[in-house]
Amino acid sequence: MIAGALGAVARFILGEQETGAEPAAVEKDPPGILAAPLATSAETDLSKWQVTEFTESPFVKVGRLYIENDVLVIRSDLDPCGFALSLLDAAAVLDGKSCEVRFLVGDKVTGTARLSMSGKAVNFQIGDYFYTVPVARVLDVLDGRARKAAVFVERDVSKRVIRYQ
């Protein structure tokens, strides 16, 4: 309304005649919508962008780790048996010691648990499989901040196992 009044005053001052029709509205693009492709925009410099290709993680989730009673339980989709590590042994593994992993049912030793060389993961060598869990996730479970943590295995191993099953 104000713009129309200002336009009428401007036409009066400039000596233009009024046509009786309202001036055409200036069409604007809605905010946040790109009207022209970036590649055709002359003033846009695209050289600062670096294109990186997506790479697949070398690990795939194959199970979970959680606390049940006084035991850290390791469940794997690759092996139907459950595995157990006592909470005392879990603390020892986080301190850098190697401890035995046992079957969940029975007391037979089936593998070992140890801290990775970098100290960023807990590795479980159980049977033919080498499982890994980030230390931060193990600590979340042990401290009660998380109910469970993902257990990973190398992607190539999981592809071979799934193909042969």
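Scroll up to find the structure.
On a predicted model such as this, the values are computed, not experimentally measured, just so you know.

Conventions and cut-offs
- Residues numbered from 1 in each chain as written.
- Predicted model: local features only at pLDDT ≥ 70, side-chain atom pairs only at ≥ 80, totals over all residues.
- Heavy atoms only, no water.
- Phe/Tyr/Trp six-rings, centres within 6.5 Å; stacked < 30°, edge-to-face > 60°.
- Helix = DSSP H or I, 4+ residues; strand = E, 2+ residues; numbered from the N terminus.
- Buried < 20%, exposed > 50% of the residue type's maximum accessible area, 1.4 Å probe, protein only.
- Salt bridge = Lys/Arg side-chain N within 4 Å of Asp/Glu carboxyl O.
- Contact = heavy atoms within 4.5 Å.

Can you break down the packing of aromatic side chains residue by residue, with the values?
In the structure shown here, the tally under the stated rule is two aromatic pairs. With centroids separated by 5.8 Å and ring planes inclined at 35°, the aromatic side chains of Phe 83 and Phe 103 adopt a geometry described as tilted. Taken as a pair, Phe 83 in strand S3 (residues 83-86) and Phe 103 in strand S4 (residues 99-103) lie far apart in primary sequence, 20 residues in all. Given the relative accessible area of 0%, Phe 83 is considered buried. With a centroid separation of 6.0 Å and an interplanar angle of 50°, the aromatic rings of Tyr 129 and Tyr 131 are classed as tilted. The buried category is assigned to Tyr 131, whose relative accessible area is 0%.

Pulling in residues and values, what's your account of the pattern of salt bridges?
Under the criterion given, the structure shown has seven salt bridges. Note that Arg 155 is salt-bridged to Glu 56, the shortest N-O span being 3.8 Å. Taken together, the residues Arg 155 in helix H4 (residues 155-164) and Glu 56 in the loop between helix H1 (2-14) and strand S1 (59-68) connect sequence positions 99 residues apart. For Arg 155, a relative accessible area of 18% translates into the label buried. Owing to a relative accessible area of 52%, Glu 56 belongs among the exposed residues under this scheme. Here Asp 140 and Arg 137 are joined by a salt bridge, their closest N and O atoms 3.1 Å apart. Of this pair, Asp 140 and Arg 137 both sit in helix H3 (residues 135-142), three residues apart, roughly one helical turn. Judged by relative accessible area, Asp 140 falls into the buried class, the value being 15%. Within the structure, one salt-bridge network assembled from shared partners comprises Arg 137, Asp 140, Asp 143 and Arg 145.

How would you sum up H3? Please name residues and give values.
Among all positions of H3, only Val 135, Val 138, Asp 140 and Val 141 are buried. Among the residues trailing H3, Gly 144 stands out with phi positive, at a value near 85°.

Give a description of the environment of Ala 150 that names residues and reports values.
Topologically, Ala 150 is positioned in strand S8 (residues 148-154). Residues Ala 150 and Arg 64 lie 86 residues apart in sequence; the distance between their C-alpha atoms is 4.6 Å. Filtering out sequence-adjacent residues up to four positions away, Ala 150 remains in contact with Lys 61, Gly 63, Thr 132 and Val 133.

Purely geometric numbers; function is a separate question.
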